[in-house]
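Structure at a glance
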Amino acid sequence: MAREFEDALRAVDDAKLAAAQARLADPDEHFNTWDRQSALDALNTPPEAGTNNHPPHWYTSEAIIEATDAYIVAQQDYLANPGDATKEAYEQAKRDLSEARRLHRQGRPMAPVAVAGDANEIETRNSAIRALGKQGYDAGTIANLLSRPVAEVQGALNGLED
Amino acid sequence: MAITASGLYVQNMGVDVFDATQLAIDLSLTTHRMALFNDTLTPNFDTDISYAVTNEVSGTGWAAGGVLWSAAAAGSTSLAPVNDISPAGTYRHDLTDVSVAGTTLSNAMAMIAYADALAGNNLMYLIDFVTAVSTSAGTLGVQFAAGGVFTIDMTP
């Protein structure tokens, strides 16, 4: 390998380190904006009264928030001090966050989007109603959230075990 | 003239990342933005390069230019982008679901992820909502698939 090319590669490595430092200091990066408590508070806030609203737990979970918290720390450590140990911790944090997302997405209610009356749509909607019922929402609140008749919501909730 | 599919912007995400251009797309950054567009947009995944305001949907709670990835999850927190291997032999890009509260928006048909930190505001990918979405003092939420935002099978 030519000496000049080796020097250029070393310069690239130096530039990467400088870029990582700049990234860590960027006020828009999540290292500087992440607020675990804000995420947890949002998770426990009832949906807004406007249209197309669903409970925050349709989009995230406490496990995802905690895994994100650890992930951001691990990523920050790796960028600040790249090496085998910080890389492995970063990769482990990725695996943990991915697993938290997988578990959440397998069990979460999906926003009903199919044509009204379609069997799959009805089942999707009923699943969403039951999931909200398990979260402690009453029939009236769920009916309001999903813009469905209270009787329909109550019917789906009747299938829930006490 | 319409949005008909989701996709990656090939010149940016494929060609210019891998060739001598060495475009610095880093999908772990959270300075990227999500911008919304109406169905008048006609994306060309091969030739479109840069974010442009034409046909963009914006409103209360979602400004023109889009929302930072560091603030687009519940509680104005990070989407926490993860790039990994899943399943074996497959690159996966994933984010926490988008959930932005307090929005009033009309007829968003797609969401585009672009690299705001790059001088070219390079487009990365478009997610087709299939059905136009509106909100009124409500949450704009996007649930991603269990398998991730997108995957590329590197060992077909």
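The structure under discussion appears in the preceding block.
Counting restarts for each chain: residues are numbered from 1 in the order of the written sequence. To label them, take the chains in the order written and letter them from A, then take the ligands in the order written and number them from 1. Local features in this predicted model are restricted to residues of pLDDT 70 or higher, and side-chain atom pairs are both shown and tallied only at a pLDDT of 80 or more, whereas totals for entire chains, interfaces and linings draw on every residue.

Structural notes on the overall build of chain B
Along the backbone of chain B there are one helix and nine strands. Here a strand is any run of E in DSSP of at least two residues, a helix any run of H or I of at least four, and the numbering for each starts at the N terminus. In sequence order, the secondary structure elements of chain B are arranged as β-α-β-β-β-β-β-β-β-β. By the compact-globule yardstick of 15 Å for 156 residues, chain B fits well, its C-alpha radius of gyration being 15 Å. Judged by the C-alpha coordinates and their principal axes, chain B covers about 45 × 30 × 25 Å. Partly exposed residues are those whose C-beta has more than 12 but fewer than 20 other C-beta atoms within 10 Å; 20 or more makes a residue buried and 12 or fewer makes it exposed, with C-beta atoms placed from the backbone. By residue count, 40% of the 156 residues in chain B fall in the buried class. What counts as a contact here is a pair of residues whose C-beta atoms, placed from the backbone, lie within 7 Å. By sequence separation, contacts in chain B at least 24 residues apart represent 75% of the contacts at least 6 residues apart. Atoms considered for the radius of gyration are the C-alpha atoms alone. The globule rule reads 2.2 Å times the number of residues to the power 0.38.

Observations regarding the nonpolar core
Core analysis: the largest hydrophobic core is formed by 54 residues, its most contacted members being Met34(B), Leu36(B), Ala72(B), Ile112(B) and Tyr114(B). For this core, the elements supplying multiple residues, two or more each, are helix H3 (36-43), helix H4 (62-80) and helix H5 (84-107) of chain A together with strand E2 (33-37), strand E4 (67-68), strand E7 (98-115) and strand E8 (122-142) of chain B. Among the elements that make up this core, the one with the highest residue count is E7(B) (12 residues). Excluding residues within four positions of it along the chain, Ile112(B) makes contact with Ala35(B), Phe37(B), Leu123(B) and Leu126(B). For our purposes the nonpolar core covers buried Ala, Val, Leu, Ile, Met, Phe, Trp, Tyr and Cys residues that link as a set through C-beta atoms within 7 Å.

Details of the interface of chain B and chain A
Counting residues at the interface gives 31 residues for chain B, matched by 38 residues for chain A. The element that contributes the greatest number of residues to the side of chain B that touches chain A is E8(B), accounting for nine residues. Lys, Arg, Asp and Glu make up the charged group, whereas Ala, Val, Leu, Ile, Met, Phe, Trp, Tyr, Cys and Pro make up the nonpolar group; the residues left over, Gly among them, are polar. Along the lines of polarity and charge, the residues of the side of chain B that touches chain A split into 10 nonpolar, 18 polar and three charged.

Structural notes on unusual backbone geometry
All names here are of chain B. Put simply, Ser-86 and Pro-87 share a cis peptide bond, and its omega is -10°. Locating Pro-87 in the fold gives a position in the loop between strand E5 (82-85) and strand E6 (90-94). Phi at Asn-55 is positive, roughly 70°, even though this residue is not glycine. Here Asn-55 shows up in the loop between E2 and strand E3 (56-57). A tally of 17 C-beta atoms within 10 Å means that Asn-55 is categorised as partly exposed.

Some words on the environment of Pro47(A)
Residues and elements named next belong to chain A. Its place among the elements puts Pro-47 in the loop between H3 and H4. Taking the C-beta count within 10 Å as the criterion, Pro-47 has 21 such neighbours and is therefore assigned buried. In this structure, the C-alpha to C-alpha distance between Pro-47 and Val-153, residues 106 residues apart in sequence, is 17 Å.

Some details on the pairing of E8(B)
Residues and elements named next belong to chain B. Pairing geometry for strand E1 (residues 7-8) and E8, over two bridges, is antiparallel. Of the residues in E8, the one forming a bridge with Leu-8 is Tyr-125. Should DSSP find at least two bridges between two strands, the strands are taken to pair. In terms of strand pairing, E7 meets E8 through 12 bridges, oriented antiparallel. Following the sheet pairing, Val-100 is matched in E8 by Leu-140. Linking E7 back to E8 in an antiparallel pair, the connection comprises six residues, with Asn-121 at a positive phi of about 45°.

What about H4(A)?
Residues and elements named next belong to chain A. Here the expected span of a helix is defined as 1.5 Å times the quantity of residues minus one. The first and last C-alpha atoms of H4 sit 27 Å apart over 19 residues, in line with the 27 Å expected at 1.5 Å per residue. Listing the buried residues of H4 in full gives Ile-64, Ile-65, Ala-67, Thr-68, Asp-69, Tyr-71, Ile-72, Ala-74, Gln-75, Gln-76 and Leu-79. Contacts from the buried residues of H4 go to helix H1 (3-25), helix H2 (30-33), H3 and H5.

Description of the sheet that holds strand E9 (residues 150-153) of chain B
Taken together, the three strands give an open sheet; going across it, the order is E5-E6-E9 (chain B), and neighbouring strands pair in antiparallel fashion. A strand with exactly one partner marks an edge of an open sheet, and here the two such strands are E5 and E9 of chain B. Here the strands of the sheet are splayed against their neighbours by 15° on average, with no regard to which way each runs. Where E5(B) lies against E6(B), four bridges are found, and the strand directions are antiparallel. Within E6(B), the residue paired with Val82(B) across the bridge is Asp94(B). Under this scheme, a helix contributes an axis fitted over its contacting stretch, all axes are lines through C-alpha atoms, and angles between N-to-C directions fall in the 0 to 180 degree range. Across the face of the sheet, H5(A) comes into contact with E5 and E6 of chain B while running at roughly 95° to E5(B).

So, the pairing of E2(B)
Residue and element names in this part refer to chain B. In terms of residue burial, E2 counts as a mostly covered element, since five of its five residues are buried. On E2, burial covers both faces: Arg-33, Ala-35 and Phe-37 on one face and Met-34 and Leu-36 on the other are all buried. Sheet analysis places E2 next to E4, joined by two bridges and oriented antiparallel. Bridging across to E4, Arg-33 finds its partner in Leu-68. Bridge count between E2 and E7: five bridges; the pairing is antiparallel. What sits directly across from Leu-36, in E7, is Met-111.

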